[in-house]
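Examining the three-dimensional arrangement
Here's the letter readout for the chains.
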There are 2 protein chains.
Amino acid sequence: MKKLKRSARLADMMQYLIRRPHQLIPLTLFKERYQAAKSSISEDLQIIKETMDMSGLGELLTVPGAAGGVKYIPAVDLGRIKSWVEELRAGLEDPDRLLPGGYLYMSDYLSQPQVVNRIGQIFSSQFRDSSVDYVITVETKGIPLAYATSQYLNVPFVIVRRDHRVTEGSVVSINYVSGSTKRIQTMSLARRSMKPNSKVLIVDDFMKAGGTIRGMMDLLKEFEAEVAGACVFVESLATTEKLVENVYSLLRLGDVDIKERTIAMQLGSIFDHEL
Amino acid sequence: MKKLKRSARLADMMQYLIRRPHQLIPLTLFKERYQAAKSSISEDLQIIKETMDMSGLGELLTVPGAAGGVKYIPAVDLGRIKSWVEELRAGLEDPDRLLPGGYLYMSDYLSQPQVVNRIGQIFSSQFRDSSVDYVITVETKGIPLAYATSQYLNVPFVIVRRDHRVTEGSVVSINYVSGSTKRIQTMSLARRSMKPNSKVLIVDDFMKAGGTIRGMMDLLKEFEAEVAGACVFVESLATTEKLVENVYSLLRLGDVDIKERTIAMQLGSIFDHEL
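What you see is a predicted model, and the numbers here were worked out from it, not measured in a lab. (Residues numbered from 1 in each chain as written. Chains lettered and ligands numbered in written order. Predicted model: local features only at pLDDT ≥ 70, side-chain atom pairs only at ≥ 80, totals over all residues. Heavy atoms only, no water.)

In the segment running from Glu139 of chain A into Thr140 of chain A, the intervening peptide bond is cis, with an omega of 15°. The backbone of His22 of chain A shows a phi angle near 50°, a positive value even though the residue is not glycine. In this fold, His22 of chain A is placed in the loop between α1 (6-18) and β1 (24-25). A positive phi angle is found at Gln35 of chain B, which is not glycine, with a value near 45°. Among the structural elements, Gln35 of chain B can be located in the loop between α2 (27-34) and α3 (38-54). (Helix = DSSP H or I, 4+ residues; strand = E, 2+ residues; numbered from the N terminus.)

What follows is about the packing of helix α4 (residues 78-92) of chain B against helix α5 (residues 113-126) of chain B. All names here are of chain B. It is the contact of α4 with α5, at a shortest axis distance of 12 Å, that shows an interaxial angle of 140°. Judged on the interaxial angle alone, α5 and α4 are oblique. Where α4 crosses over α5, the two elements pack in a sense that is left-handed. Of the residues in α5, those in contact with Leu78, Ile81, Trp84 and Leu88 of α4 are Val115, Arg118, Ile119, Ile122 and Gln126. A per-class count over the contact of α4 with α5 returns 7 nonpolar, 1 polar and 1 charged. (Axes fitted to C-alpha atoms, helices over the stretch in contact; angles between N-to-C directions. Parallel < 35°, antiparallel > 145°, perpendicular 65-115°, else oblique. Left-handed = near helix turned anticlockwise from the far one by under 90°. Contact = heavy atoms within 4.5 Å. Nonpolar A, V, L, I, M, F, W, Y, C, P; charged D, E, K, R; others polar.)

Here the focus is the UniProt feature "domain: Bacterial purine repressor N-terminal" (unreviewed entry) in chain A. What UniProt calls "domain: Bacterial purine repressor N-terminal" (unreviewed entry) maps, in this numbering, to residues 5-74 of chain A. The distance separating the terminal C-alpha atoms of residues 5-74 of chain A is 27 Å; by composition the span is 54% helix and 20% strand. (UniProt positions renumbered as here; feature names shortened; annotations may be inferred.)

A few words on the sheet that holds strand β3 (residues 69-74) of chain B. Residue and element names in this part refer to chain B. Across the sheet, which stays open at both edges, the 3 strands sit in the order β1-β3-β2 with antiparallel pairing between neighbours. A single partner strand is all that each edge strand has here, and the edge strands are β1 (24-25) and β2 (58-63). Note: β1 against β3, 2 bridges, orientation antiparallel. Residue pairing for β3: Leu24 is matched across the bridge by Lys71. Each of β2 and β3 touches α3; the most contacted strand, β2, lies at about 150° to it. (Pairing = 2+ DSSP bridges.)

What follows concerns α1 of chain A. Residue and element names in this part refer to chain A. Spanning 13 residues, α1 covers 18 Å between terminal C-alpha atoms, matching the ideal 18 Å at 1.5 Å per step. Along α1, 12 of the 13 residues are buried, which leaves the element largely enclosed by surrounding structure. Among the residues making up α1, those that are buried are Ser7, Ala8, Arg9, Leu10, Ala11, Asp12, Met13, Met14, Gln15, Tyr16, Leu17 and Ile18. (Expected span 1.5 Å × (residues − 1). Buried < 20%, exposed > 50% of the residue type's maximum accessible area, 1.4 Å probe, protein only.)

So, about the relation of the copies chain B and chain A. Expressed as a screw operation, the relation of chain B to chain A combines 0.0 Å of axial shift with a rotation of 180°, fitting to an RMSD of 0.0 Å. In symmetry terms, the pair is related by a two-fold rotation axis. In this assembly the copies share their binding face: 100% of the residues contributing to the interface of chain B also contribute to that of chain A. (Least-squares fit on C-alpha atoms with pLDDT ≥ 70 in both.)

Let us look at the sheet that holds strand β6 (residues 134-138) of chain A. Paired through backbone hydrogen bonds, the strands of a sheet run either parallel or antiparallel to each other. Residues and elements named next belong to chain A. Across the sheet, which stays open at both edges, the 6 strands sit in the order β7-β6-β10-β11-β12-β13 with mixed pairing between neighbours. The open sheet terminates on both sides in strands that have one partner only, identified here as β7 (157-160) and β13 (262-267). The sheet shows a mean angle of 25° between the axes of neighbouring strands, taken without regard to direction. Its contacts with the sheet put helix α6 (residues 143-153) on β6, β7, β10 (199-207) and β11 (226-236), and the angle it makes with β10 is roughly 145°. Sheet strands in contact with helix α7 (residues 211-221) are β6, β7, β10 and β11, and its direction is about 160° off that of β10.

The next subject is the packing of helix α1 (residues 6-18) of chain B against α3 of chain B. Residues and elements named next belong to chain B. Relative to each other, α1 and α3 sit at 60°, their axes nearing to 10 Å. Relative to α3, α1 is oriented oblique. Here the hand of the crossing between α1 and α3 comes out right-handed. On α3, the residues touching Arg6, Arg9, Leu10, Met13, Met14, Leu17 and Ile18 of α1 are Ser40, Ile41, Glu43, Asp44, Leu45, Ile47, Ile48, Thr51 and Met52. For the contact of α1 with α3, a count of residues per class yields 10 nonpolar, 2 polar and 4 charged.

Moving on, we get to the interface of chain B and chain A. Listed by partner, the interface residues are 58 residues for chain B and 59 residues for chain A. Roughly 4,900 Å² is buried in total at the junction of chain B and chain A, and carbon and sulfur atoms are behind 62% of that figure. Area buried by chain B at its contact with chain A is led by Tyr105, Tyr147 and Arg192 of chain B, which between them contribute 13% of it. The interface formed by chain B and chain A holds 1 salt bridge in total. Glu168 of chain B is paired through a salt bridge with Lys141 of chain A; the nearest N and O atoms lie 3.3 Å apart. Here chain B is connected to chain A by 19 residue pairs in polar contact (both at pLDDT 80 or more). Mapped onto the side of chain B that touches chain A, the elements with two or more residues apiece are α1, α3, β4 (98-99), β5 (103-104), α5, α6 (143-153) and β7 (157-160) of chain B. If one sorts the elements of the side of chain B that touches chain A by residue count, α1 of chain B sits on top with 8 residues. A breakdown of the residues in the side of chain B that touches chain A according to their chemical character gives 29 nonpolar, 18 polar and 11 charged. (Buried area = accessible area lost by both parts, 1.4 Å probe. Salt bridge = Lys/Arg side-chain N within 4 Å of Asp/Glu carboxyl O. Polar contact = N/O pair within 3.5 Å; in protein donor to acceptor, adjacent residues only side chain to side chain.)

Structure, rendered in structure tokens:
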């Protein structure tokens, strides 16, 4: 790379770091990339740190020592994103979203990359200090959210299947009971997809009683995995008897009145303990 | 935002732009964000442009006029990423990937966000000037790739389902014949998920004869959509009679010898016309 002026160097450093979250970058890499002295690089990183902080991108951690460097940790200030979540909430209360059976049409939001990306950023931020090894979800609609979350945490994401597919090799399958419909269902995960004794974050789009998340937790036991936590986009308040506890939700779905065509959404549990 | 020094302003401008691909940013936004004169902003953008170019991030388009501004267009130089694709190719030739039926285990690559993200960047780059309205895929394994591609194109992504789900509202379904197994299968797409007369890019993980992609094309006709093109991660050369033409592939799967435990992978069609 040709030698850059300071302002160009700062711009390049920023793009380099934000595209590599949770990754240790040794200072020597920047020294070589920009043919600059260590002291200049250190000064530059201080400016990057302040800019990240001001723009609400997260923190730039300094890891001291010979094997040290810097690490970009994406983080979201809940106060700053509250108005955005309020907008989502209002949008989801549109009565045209009502579907037969009291379901809600949400696919339009979950198909916008900017929305999915932001939700992944929020989920990952909650678990940024949890040393998560994998993000897991069950097909289908949670997959983009799980991917977006894993992108910010820089860990692999794993998709639990509702059937056994030949292209996965040997699989571990479990039966579980859906909490709301009480039907018995199957989920399976390829044996190769996860190392034993990993720490796993569960992500999904919607949770009613929590049967699916409970199922994933049971499946994870077969991999001797530890569950770091669970995040859902929308949690339904219709079922009082939950099969799992301490689930982070971005929004809560309250009363749905099909006759009056009203939907009551609230902010999710992520905001319960906001300072 | 407090007034920034030039180097911090450049760093912030870079993160602001690369997080908003294919989005027109009026210069007044930067003028206000940084409380800077238009001439300074223009100079800064020139530096950003050169830095993007040098780091292989893509182009910064200037749209002139009163309603103008700048637009970041992510683009990939195939020459620069060839060695990375060669590495993937070598990794996929590992005989431990062989599964019964001549299938190949690829889920480990497709579960790494850095890999998926890069493939999305490559796919989107091929269609950056095609005015794509949607990226479409069929569940399950193509979903992260479709999402990553849509993120770079800044358009919604749409997931075709292999069953009808109640949470989608009214759906359009078609039957199609799998090109390799000759079985009749169903795919469906929610009526609400796409506006008529849209231009659509098809993305999938693996293509044998192309029956699934052909099916998506037929389904898209029901939405009066135009197909901009199709991109797959790996295209199999085993089936000579293809049901679709002009598919962009990143890699090609040639002879698989189960007895000798060898896999022959080649670079995909994306590299066929490389200058």
